[in-house]
Amino acid sequence: MFKIVVCVKAVPDPKEACNIKIDPVTKTLMRCDVPMVLNPLDKYALEAALQFKEQFDAHISVLSMGPPEAGNIVKECLALGADQGFLLSDRAFAGADAFATAYTLAKGIEKIGPFDVVFCGMASSDGSTEWVGPEIATFLKIPVVTRITEIVEYNGQWWTVKAELENGYRLVRVQIPAVFTVTRALNTPRRLSFSGIIKARKKEITQWGIQQLGVSEASVGLKGSPSIVSTIATMDSRRKVEILEGKREEKAEQLVQRLANAGVL
Amino acid sequence: MIDFTLTEEQEMFRKAAQEFAETQVAPKVPEMEETGKVSLELVKAMAEAEMMALTIPEEYGGLGLGYTARLIALEEISKVSVAAGMMLQVFALGIEPILKYGTDAQKKKFLPGLATGERLASTAVTEATGGSDPTGIRSTYKKDGEDYILNGRKCFITNAHIADTITVLAKDDENPKAFSTFIMEKGMDGFKATHEENKVGMRGCNTGELAYENCRVPKENLVGVEGKGLGVALAAIGDVGRGGMVGCALGLQAACLDVSVKFANERILYGKPISRLQTIQNKLADMKIDLEAGRLLGYRAASMQDKGERSSNEFAVAKYFSTEAAQRAAKMASDIHGGYGCMEEYAVSRYMRDSFVLGPSAGTSDIMKVIIARWTLS
Ligand SMILES: Cc1cc2nc3c(=O)[nH]c(=O)nc-3n(C[C@H](O)[C@H](O)[C@@H](O)COP(=O)(O)OP(=O)(O)OC[C@H]3O[C@@H](n4cnc5c(N)ncnc54)[C@H](O)[C@@H]3O)c2cc1C
Ligand SMILES: Cc1cc2nc3c(=O)[nH]c(=O)nc-3n(C[C@H](O)[C@H](O)[C@H](O)COP(=O)(O)OP(=O)(O)OC[C@H]3O[C@@H](n4cnc5c(N)ncnc54)[C@H](O)[C@@H]3O)c2cc1C
């Protein structure tokens, strides 16, 4: 059967972004009790897999690396319709950069077994490097197409996908197995359903640590991370208020002018 | 050990209900407020989201999730629209007598359609001559061969104009002490929904009158034992009806608190947000205390109900507390908003109107006290 792996990340709830702080010393996120949710773009990645499954039948595995609480988002994916869950959780995985994350996930994918397609979100809402997808592909030695907006054709081993570019798009024909990172334009994710939640009762989540994955402590987590965040600066975005004077028509004219000058119109 | 936490799965139900409320219910609210009419699109969306199937067992096409899950769904939906919560709460109230007292044939006939939302349910007890005192009703039934002939009128019935399957309480034509409950179906000769109420709150939830004139109801539609119908109707109202009102009230309490916190943090007076004023904080704290207490009472009763225990007294306490608390919350929320709280553009004005409609349904606060006192003295 066609096998799909979807990588999903637990991120601090973007709705409570105002409560997230960055530790000035360790340069890591201080979660401050902000609940963890499924990375928004990963819902689109899962939806792509679910839509494929509806058309052609497939087995969907969901894979996440994170603390034990990330099990909740894996469970949520099972309730949304994925078949099986895998959680890579080990103290040794903590503090991973994109490289170490991708390495660990690639090891997880290999351990899950043969696969045809890996879907990732284009980016996470917290780290947002957009590197994890491409780096997984590199570790697995398979092609990757990032930022896909449409799957134009599934044709056996050859898929045609449309991918976003800054001022246009690319149409790419790619041989699977491959990694795709997806954008919001790809689909409309389904909502959780009560019966989906009930069905998820029977679905399993397998948890693996470094031993089960057969990786060394030095190759994962902070120790396995070649990139170091040396400085983090916050951008101060202040609102500027200007009161326009004059008659209504004049004010409208001025407003249009200002918006045009600001590059908004 | 007492565990006051919801399970991971129940949290997921909450999330599902929240997503439903935010994406499917919220967009319908302005139209419901404006017209006071039911949004049939919303009813359809509720059916698609399996909201009517919650309490119906799987063998009859439902989800068999029980009453805690139902309370969660009602709370989340009512947080966005009490009217939508009320409509849904009475679907389950209409389903309950069939679930609890129906024959296997009745269950097979009615429940699958009610689970999918193909049929909609209600329960009709109240009449002009009997609300708090259901024995005061004047609707009658009379045996005629294998059938019953029903005559009478009901008032203040939720979903009156949209329901297809309505459990109706009537009195024996010859014995004023004997009551029976019947399933009446839309389209029965002589049975119709008449006047539609125009309520101050819960706009978009249909409330109206039913009339039946020489309406022939087959004996297959008698629910429970003939003559014991008061018990059938009151049992459903006792836990499912009151429990449903608790869900509506908790949702409203939570909504009042949410908008109050937001407004208090945004409204700047004396150079700082009014949330820094102790008087405002006091109100927020009062609302929070009420919400926490209401939830504990409501979810305790629902978990008893799920275990199959008698829960109508506990629900009476929860119903009294949470509907009264919802009125207090709406008043405080609107006070916190100052003049803005009187304007229709602000949701609090709707909360204020909705809060007053919560009281009477499934028994007034006075009646809850009568029940609670009887429980206390027993
Ligand atoms: C402020 C800040 C700055 C950072 N800077 C850097 C940096 O410069 N270099 C660096 O290497 N790291 C950096 N990191 C760490 C890095 O962001 C993450 O910790 C690392 O795990 C990479 O993930 P990402 O969130 O960037 O993923 P992205 O590449 O943005 O995520 C794309 C997709 O990959 C998949 N994915 C990502 N993480 C997981 C996971 N844990 N489990 C399953 N699927 C996953 C998902 O499908 C996701 O949608 C930084 C972190 C923070 C908070
Ligand atoms: C929005 C809404 C939806 C409704 N939906 C339904 C429905 O679907 N099905 C249905 O059957 N009914 C429904 N009702 C009716 C509701 O159940 C009745 O309104 C309620 O039981 C009160 O009855 P009443 O209105 O006749 O008031 P009355 O019974 O006339 O009460 C008048 C006053 O007397 C007080 N009172 C009465 N008896 C006592 C007592 N023993 N001790 C102290 N005080 C007492 C009451 O508290 C009240 O203050 C609905 C009502 C509303 C407002």
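Residues numbered from 1 in each chain as written. Chains lettered and ligands numbered in written order. Predicted model: local features only at pLDDT ≥ 70, side-chain atom pairs only at ≥ 80, totals over all residues. Heavy atoms only, no water.

## Brief notes about the sheet that holds strand β1 (residues 3-7) of chain A
Residues and elements named next belong to chain A.
Working step 1: Strand order in the open sheet made by the 9 strands is β11-β10-β9-β12-β8-β1-β6-β7-β13, with mixed pairing throughout. Every other strand in the sheet has two partners, leaving β11 (168-175) and β13 (205-208) as the edge strands with one partner each. For this sheet, the mean angle separating the axes of adjacent strands, direction not counted, is 30°.
Working step 2: The pairing of β1 with strand β8 (residues 117-121) spans 3 bridges and is classified as parallel. Looking across to β8, one finds that Val5 is bridged to Val118.
Working step 3: Packed onto the sheet, helix α3 (residues 98-112) meets β1, β6 (59-65), β7 (84-88), β8 and β13 and runs at close to 145° relative to β6. (Pairing = 2+ DSSP bridges. Helix = DSSP H or I, 4+ residues; strand = E, 2+ residues; numbered from the N terminus. Axes fitted to C-alpha atoms, helices over the stretch in contact; angles between N-to-C directions. Contact = heavy atoms within 4.5 Å.)

## Some details on the interface of chain B and chain A
Think of interface size as the accessible area that goes away when the parts come together; that is how it is often given.
Working step 1: In this assembly, 19 residues from chain B lie in contact with 14 residues from chain A.
Working step 2: When chain B packs against chain A, the two sides together hide about 1500 Å² of surface, and 60% of this comes from carbon and sulfur.
Working step 3: Taken together, chain B and chain A are joined by 2 salt bridges.
Working step 4: Among the ionic pairs, Arg201 of chain A bridges to Glu9 of chain B, the shortest N-O distance being 2.8 Å.
Working step 5: Inspection of the region where chain B meets chain A yields 6 residue pairs in polar contact (both at pLDDT 80 or more).
Working step 6: Ranked by residue count, the leading element in the side of chain B that touches chain A is helix α1 (residues 8-25) of chain B, at 12 residues. (Buried area = accessible area lost by both parts, 1.4 Å probe. Salt bridge = Lys/Arg side-chain N within 4 Å of Asp/Glu carboxyl O. Polar contact = N/O pair within 3.5 Å; in protein donor to acceptor, adjacent residues only side chain to side chain.)

## Some words on the domain arrangement of chain B
Residue and element names in this part refer to chain B.
Working step 1: Here the domain parsing of chain B yields domain 1 (8-120), domain 2 (122-230) and domain 3 (239-377).
Working step 2: Using only C-alpha atoms to locate each centre, domain 1 and domain 2 end up separated by 22 Å.
Working step 3: Across the boundary between the two partners, domain 1 contributes 27 residues, which contact 22 residues of domain 2.
Working step 4: Taking both partners together, domain 1 and domain 2 bury about 2100 Å²; carbon and sulfur atoms supply 58% of that area.
Working step 5: Broken down residue by residue, the surface that domain 1 buries against domain 2 is led by Val38, Gln106 and Leu120, which jointly contribute 23%.
Working step 6: Between domain 1 and domain 2 we count 3 salt bridges in total.
Working step 7: Residue Glu196 is joined to Lys37 by a salt bridge in which the shortest nitrogen-to-oxygen separation is 3.5 Å.
Working step 8: Counting across the interface, domain 1 meets domain 2 through 11 residue pairs in polar contact (both at pLDDT 80 or more).
Working step 9: For the side of domain 1 that touches domain 2, the secondary structure elements donating two or more residues are α2 (29-35), α5 (82-101) and α6 (104-116).
Working step 10: The greatest single-element share of the side of domain 1 that touches domain 2, amounting to 11 residues, is contributed by α5.
Working step 11: Among the residues making up the side of domain 1 that touches domain 2, the classes are represented as 16 nonpolar, 5 polar and 6 charged. (Domains from an automatic or database assignment. Nonpolar A, V, L, I, M, F, W, Y, C, P; charged D, E, K, R; others polar.)

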